[in-house]
Amino acid sequence: MGYYTVKNANSSENYKGFIRLSTPKGDLNYPFSAGYRVVPPSAAVSATQMSDFYIGVDNPVEINAAGVQADQVSAGISNGSIVPRGNGKYVVRVRRAGTARVSVSAKVNGETMAMGSKEFRVKRIPDPVPGVSGKKSGGKSTKGALRTGTYLYAKKADGFDFDANFNVLGFKVRIENRGKIETAKTSGNAITGQQFGLILKLRPGGTVVFEDIVAKGPDGERRRLPPVVLIIQ
């Protein structure tokens, strides 16, 4: 066995030499050549569901450190929490909009070594889209479909891949009846008897407006949503 030692290693280097062996027939030389490349510690951090982190939902992440088994890798985050799920998979929960940096370390030969980090943008969940009785704003509806107890909903925006449920906390119904504006407000998500009474006053072609809609999502933030305007058939 032999050892090759350098004091100030370059990032890469080739070397060669020979091994001399003494034999009964004399010394024999065996030439050799080899090389090395010094690779700095590195880790790959990727968000697997969407490229950014979102407040209020579980953001799945995969982390791989070059040459290190997954159970020897650990991670931290600057804005929120990161929890291992095994086999290099993690779940990130973030607290506030801005950025979050995921830092990776690993145990190598009994010592903890920094393996790198990656910064992600942190965003609020997009505003949901309100509707009632299966209709979005601009649709048509019968009066019966808007009877007492029918509820307003707020569905997550198209293209947002996380499960994000929003609850409607309150809204107002507004109609125009013979040139007069009439309104009725509720603190729940369902049409009240008073509100339905206003809707019954409308003739076909009239419009009912559900406005001042307030909804709350998994991030705990109250959102004021755009009105839903329906034409009565």
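Because the structure is a prediction, the values reported are computed rather than measured. (Residues numbered from 1 in each chain as written. Predicted model: local features only at pLDDT ≥ 70, side-chain atom pairs only at ≥ 80, totals over all residues. Heavy atoms only, no water.)

Novice: What exactly am I supposed to notice about the sheet that holds strand β3 (residues 43-47) here?
Specialist: Paired through backbone hydrogen bonds, the strands of a sheet run either parallel or antiparallel to each other. If you walk across this open sheet you meet the four strands as β3-β5-β8-β7, and the pairing is antiparallel. Two strands lie at the open edges of the sheet, namely β3 and β7 (81-86), each paired on one side alone. Strand-to-strand twist of the sheet, defined as the mean angle between neighbouring strand axes without regard to direction, takes the value 30°. The pairing of β7 with strand β8 (residues 89-93) spans five bridges and is antiparallel. In the sheet register, I82 faces β8, and the bridge partner there is V92. (Pairing = 2+ DSSP bridges. Helix = DSSP H or I, 4+ residues; strand = E, 2+ residues; numbered from the N terminus. Axes fitted to C-alpha atoms, helices over the stretch in contact; angles between N-to-C directions.)

Novice: Would you explain helix α1 (residues 193-200) in this entry?
Specialist: Count 3.6 residues to each turn of an α-helix, and residues three or four apart come out pointing the same way. Every buried residue of α1 is listed here: Q195, F196, L198 and I199. Along the long axis of α1, the arc covered by the buried residues comes to 155°, so they all point the same way. Contacts from the buried residues of α1 go to β14 (167-177), β15 (180-186), β16 (207-216) and β18 (228-232). (Buried < 20%, exposed > 50% of the residue type's maximum accessible area, 1.4 Å probe, protein only. Arc of directions from axis to C-beta. Contact = heavy atoms within 4.5 Å.)

Novice: Any chance you could explain the side chain of S141 here in plain terms?
Specialist: Residue position: S141 is located in strand β12 (residues 140-141). Of the residues examined, S141 reaches a relative accessible area of 3% and is grouped as buried. Leave out the neighbours within four places in its chain, and S141 touches L146, L230, I231, I232 and Q233.

Novice: What should I look at first to understand the environment of A164 in this one?
Specialist: Inspection of the secondary structure assignment puts A164 in the loop between β13 (152-155) and β14. In contact with A164, other than residues within four places in its own chain, are I125, K156 and P218.

Novice: Is there a simple way to think about the sheet that holds strand β9 (residues 98-108) in this case?
Specialist: In spatial order, the strands read β4-β10-β9-β6; together these four strands make up an open sheet with mixed pairing. Only two strands of the sheet have a single neighbouring strand rather than two, namely β4 (53-54) and β6 (73-77). Looking at chain direction, β4 and strand β10 (residues 111-123) are connected through two bridges and run parallel. Paired with Y54 across the bridge in β10 is K123.

Novice: Explain the packing of aromatic side chains here, please?
Specialist: In this description, an aromatic ring pair is defined by two values, namely the gap between the centres and the angle between the planes. Inspection of the entire model under this criterion finds five aromatic pairs. Note on F171 and F210: the rings are 6.0 Å apart at their centroids and 55° apart in plane angle, and the pair reads as tilted. A residue pair is termed long-range when its members are at least 10 positions apart, and F171 in strand β14 and F210 in strand β16 qualify at 39 residues. Of the two residues, F171 and F210, both sit in the buried class. Directly above the aromatic system of Y153 lies the positively charged group of K155, at a separation of 5.2 Å from the ring centroid. (Phe/Tyr/Trp six-rings, centres within 6.5 Å; stacked < 30°, edge-to-face > 60°. Lys NZ or Arg CZ within 6 Å of the ring centre and 35° of its normal.)

Novice: Sorry, what's going on with the pattern of salt bridges here?
Specialist: Close approach of charged atoms allows side chains with opposite charge to pair. If you walk through the whole model with that rule in mind, you get 15 salt bridges. For R124, the salt bridge goes to E221, with nearest N and O atoms at 2.8 Å. Of this pair, R124 sits in the loop between β10 and β11 (129-132) while E221 sits in the loop between β16 and β17 (222-225), and the two are 97 residues apart along the sequence. One continuous salt-bridge network, built from bridges that share partners, spans R124, D127, D219, E221 and R223. (Salt bridge = Lys/Arg side-chain N within 4 Å of Asp/Glu carboxyl O.)

Any link to function would need more than the numbers given here.
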